[in-house]
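# Chain and residue survey
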Amino acid sequence: MSTQLDIDLDAEGRQFGTVTMPLNLAEGSGSQQVEMPIISLRSGAGPTLVLTGGVHGDEYEGPVALAELGRTLDLRHVNGHIIIMPTANGLAFLAGKRNTPQDGGNLNRAFPGTIDGTFTSRLAHFIETELLARADYTADFHGGGEILDFLPSTLFVVTGDAAEDQKRMDLAAAFGARHCMLFGFKTMGVEVGIDAAMLRQGVIGISGEYGGSAALGIETLDICRQGVRRLLAYTGIVRPEMPPPLAIEPTLVDVREEESYVVAPCEGVFEPVVELGGFVQGGSPVARMHRPDRPAEEAEIVHARCDGIVMAMRARAKSSPNDWLFVIGRPVRL
Ligand SMILES: [Zn+2]
């Protein structure tokens, strides 16, 4: 049995449906099928917006804001099609983990995926070929999960094509987070999967990092709730009688260079000495690594590797060598 969808995405109206995917026996015991919610809101001939949350299962603002949107948006205001997967990786969400426990897969590294691969690979394939392939616009919602806290920020992959990049920049500005991170196709040696999928499918799309610590933040949830409504207004999917909220010009920060990433130099207890959103200078101290189990040892000082804004910070004290401690974004212009 392959992936099944129990609603007709071409039909008008509000539909709460299920994406059902088999779980190979080798990938785990228990349930043979995994069911993940999908919502379709369709009215009129306007553009299609695909919204995904929970690509990582320990990030919560997106899933909550998107599920809420799916059940509360008044269809009478809609001119277009909104497809929502609030908990895109249903298995990871149930486990409260970043990756799929049954196959170890990171959905955001699994794109484009394959039709007959692991659960995570098949899920990536479904999202790219069945959902993103239909989309004019898309937004994917992330957070820092269990290990990081992010300054709320949209992000997109810079292609180098000025007109294309501007479209994504405008979408990020419409969303309204105060910062926007510029990513490369590969950042820190890893591909940002769903963002590459957006580009392959010719979709104008953004992702974003909102909050972290595997918690649901009041401010970050509010940014997601409002941001997604702003996207609906910006894309013209909600009719003009709903006044579009004002967009703000976000501070663009570049996180493409390796210097943006400060990692733990040693085993230890991480003490940040700068705050999320603060500005640091290259070479200045940003953390101390303590060894309380070796009380005679001085704490090791960790330094920033470039000037910039503290966009993300490790959410846990106990750290091992090469764990990310900070992501420092260099303010730039597009
Ligand atoms: Zn994530």
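Scroll up to find the structure.
Report on the accompanying structure. (Residues numbered from 1 in each chain as written. Predicted model: local features only at pLDDT ≥ 70, side-chain atom pairs only at ≥ 80, totals over all residues. Heavy atoms only, no water.)

### What about the overall build of the protein?
Helices and strands together make up the secondary structure of the protein, namely six helices and 20 strands. For 334 residues, the compact-globule estimate of 2.2 N^0.38 gives 20 Å, and the protein sits close to it at 20 Å. The C-alpha extent of the protein, read off along each of the three principal axes, is 70 × 50 × 35 Å. For the protein, with 334 residues in total, the buried portion stands at 53%. Considering only residue pairs separated by 6 or more positions, the protein has 72% of its internal contacts joining residues 24 or more positions apart. Per element, the accessible surface of the protein, about 14,100 Å² overall, is 51% carbon and sulfur. Separation between the mean location of the 28 positive side-chain charges and that of the 43 negative ones in the protein comes to 2 Å. (Helix = DSSP H or I, 4+ residues; strand = E, 2+ residues; numbered from the N terminus. Rg over C-alpha atoms; globule rule 2.2 N^0.38 Å. Buried < 20%, exposed > 50% of the residue type's maximum accessible area, 1.4 Å probe, protein only. Contact = heavy atoms within 4.5 Å. Areas by Shrake-Rupley, 256 points an atom, 1.4 Å probe, with all protein chains shown as cover. Lys, Arg positive; Asp, Glu negative; His and termini not counted. Charge placed at Lys NZ, Arg CZ, Asp CG, Glu CD.)

### What to know about the state of the cysteines
Applying the stated criterion to the full structure yields zero disulfides. Of all cysteine sulfurs in the structure, the one in Cys180 sits closest to Cys224, which takes part in no disulfide; the separation is 14 Å. (Disulfide = S-S within 2.5 Å.)

### Quick word on the layout of surface pockets
Of the volumes computed, that of the largest pocket is approximately 480 Å³. Lining the largest pocket are 26 residues, and of these Arg98, Arg109, Leu148, Glu209 and Trp324 lie nearest its centre. Contributions of two or more residues to the lining of the largest pocket are made by β7 (148–157), β8 (179–183), β11 (204–212) and β20 (324–331). Of all the elements, β7 adds the most residues to the lining of the largest pocket, at three residues. Classifying every residue of the lining of the largest pocket gives twelve nonpolar, seven polar and seven charged. Both of domain 1 (4–254) and domain 2 (262–328) provide at least three residues apiece to the lining of the largest pocket. Lining the second largest pocket are 13 residues; nearest its centre among them are Gly176, Ala177, Arg178, Glu219 and Ile223. Breaking the lining of the second largest pocket down by element, the ones donating at least two residues are β7 and α6 (218–234). Of the residues forming the lining of the second largest pocket, the biggest block, five residues, is contributed by α6. (1 Å grid on protein atoms, 1.4 Å probe; cavity = no way out; pocket = protein on both sides within 12 Å on 5 of 7 lines; lining within 4 Å. Points joined across faces, edges and corners; volume = space filled by probe spheres on them. Nonpolar A, V, L, I, M, F, W, Y, C, P; charged D, E, K, R; others polar. Domains from an automatic or database assignment.)

### A few points about the side chain of Arg314
Locating Arg314 in the fold gives a position in strand β18 (residues 308–314). On the accessibility criterion, Arg314 (10% relative accessible area) is buried. Side-chain polar atoms of Arg314 contact the backbone oxygen of Arg316, separated by 3.3 Å. Contact partners of Arg314, with chain neighbours within four places excluded, come to Ile147, Leu148, Phe270, Ser319, Asp323, Trp324 and Leu325. (Polar contact = N/O pair within 3.5 Å; in protein donor to acceptor, adjacent residues only side chain to side chain.)

### Examining the coordination of the zinc ion
Of the protein atoms, only His56 (ND1), Glu59 (OE), Glu59 (OE) and His142 (ND1) coordinate the zinc ion, at distances of 2.0 to 2.3 Å. For the zinc ion, the four donor atoms are set out with angles of 57 to 149° between them, so the coordination reads as irregular. Taken in chain order, the donor set of the zinc ion reads H-x2-E-x82-H. Separated by 83 residues along the polypeptide, Glu59 in the loop between β4 (48–53) and α1 (61–72) and His142 in strand β6 (residues 137–142) bring together distant segments of the chain. Here Glu59 matches His142 in class, with each residue buried. (Donors = N, O, S within 2.8 Å, 3.2 Å for Na, K, Ca; no water. Tetrahedral: all angles 85-135°; square planar, octahedral: opposite > 155°, others 65-115°.)

### Comments concerning unusual backbone geometry
Cis geometry is adopted by the peptide bond preceding Pro112, which originates at Phe111 and carries an omega value of 5°. With respect to the helices and strands, the residue Pro112 is situated in the loop between α2 (90–95) and α3 (119–131). The phi dihedral of Asn322 is positive, around 75°, even though this residue is not glycine. With respect to the secondary-structure elements, Asn322 resides in the loop between β19 (318–319) and β20. By relative accessible area, which is 57% here, Asn322 ends up exposed.

### Description of the nonpolar core
With 38 residues, the main nonpolar core has Leu51, Leu73, Ile82, Ile84, Phe141, Phe175 and Leu232 as its most contacted residues. Looking at this core element by element, the count peaks at seven residues for α6. Contact partners of Ile82, with chain neighbours within four places excluded, come to Ile39, Ser40, Leu41, Leu49, Leu51, Leu73, Leu232 and Ile237. Counting 29 residues, the second-largest nonpolar core is a separate cluster that includes Leu23, Val34, Leu123 and Ala124. (Core = buried A, V, L, I, M, F, W, Y, C linked by side-chain atoms within 4.5 Å.)

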